[in-house]
Amino acid sequence: MSDTNDIALSVRNLKTFFYTNNRCNKAVNGVSFDVQKSKTLCIVGESGCGKSVTAATIMQLLPTLSRIEDGEIIFHKDDKKINIEKLEKNGKEMRAIRGSDIAMIFQEPMTSLNPVFTCGNQVTEAIILHQNLDKKEAKKLAISLFKEVELPDPERIFSTYPHQISGGQKQRVMIAMAMSCKPSVLIADEPTTALDVTVQKTILELMQALQREHDMGIMF
């Protein structure tokens, strides 16, 4: 058993069901685990077993025809325990947690970024939303994050659109966005999908380095 003080996120008997065509699909049916600070929890399973649905449930990003039927998602913040499953999906408290205390790197780097906004614009939007910074300060922090994730020529990439950079660089932009508010928990939903093996290795090493630096729990 883990010391409670070492736990960043607890999931207990989680059940997430989808309701379509007069059917109930039990996408997640009784999952329990802990994500510890500074540790990585790997969830392994075949395609369609509920890994991404578990991640989306924690982030309260479920589609309309689905709901949490049972279980608890407890986020340990300072000395408080926050039951995420009881929060409104788009309520003020959940929006404050999502992207700030708990961040997510989505599965497909090619489609996770909005093609009509520059990379810098998308990262600064997250920074301004969760931190008390103006546009100039947010830009400075975004460029600093691009350097931290080892993007070449960060100032240039700040002004580029997603289609103008490679898949590995897109994924680094996504990691920079996720790390912008120094989250306690980072959910990485197959973050190296569609990347070649050498880029995959680099991305995983980068995530490990950021984890050590920021004392972050990772659910992979």
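Bear in mind the structure is a predicted one, so any value in this text is a computation, not a measurement.

### Remarks on the sheet that holds strand β1 (residues 7–20)
So, point 1. Taken together, four strands build an open sheet; the order of strands is β2-β1-β4-β5 and the sheet is antiparallel. Either end of the sheet is taken by a strand with one partner, and the two such strands are β2 (23–36) and β5 (80–83). Within the sheet, the average angular offset between the axes of one strand and its neighbour, ignoring direction, is 10 degrees.
So, point 2. Pairing of β1 with β2, which is carried by 11 bridges, proceeds in the antiparallel orientation. Note that in β2 the partner of Ile7 across the bridge is Gln36.

### Some details on the pairing of β5
So, point 1. Summarising the sheet, strand β4 (residues 66–77) and β5 pair through four bridges and their orientation is antiparallel. Bridge pairing in β5 links Lys77 to Lys80.
So, point 2. Where β4 folds back onto β5 in an antiparallel hairpin, the turn is made up of two residues, including Asp78, whose phi is positive at roughly 55 degrees.

### Some remarks on the side chain of Arg98
So, point 1. Its location among the elements puts Arg98 in the loop between α2 (92–97) and β6 (102–105).
So, point 2. Buried charge without a partner: Arg98 forms no salt bridge, and the closest opposite charge is Glu88, 10 Å away.
So, point 3. Beyond its immediate chain neighbours, meaning those up to four positions away, Arg98 contacts Met59, Gln60, Leu61, Lys89, Asn90 and His130.

Calculation rules
Residues numbered from 1 in each chain as written. Predicted model: local features only at pLDDT ≥ 70, side-chain atom pairs only at ≥ 80, totals over all residues. Heavy atoms only, no water. Pairing = 2+ DSSP bridges. Helix = DSSP H or I, 4+ residues; strand = E, 2+ residues; numbered from the N terminus. Axes fitted to C-alpha atoms, helices over the stretch in contact; angles between N-to-C directions. Buried < 20%, exposed > 50% of the residue type's maximum accessible area, 1.4 Å probe, protein only. Lys, Arg positive; Asp, Glu negative; His and termini not counted. Salt bridge = Lys/Arg side-chain N within 4 Å of Asp/Glu carboxyl O. Contact = heavy atoms within 4.5 Å.

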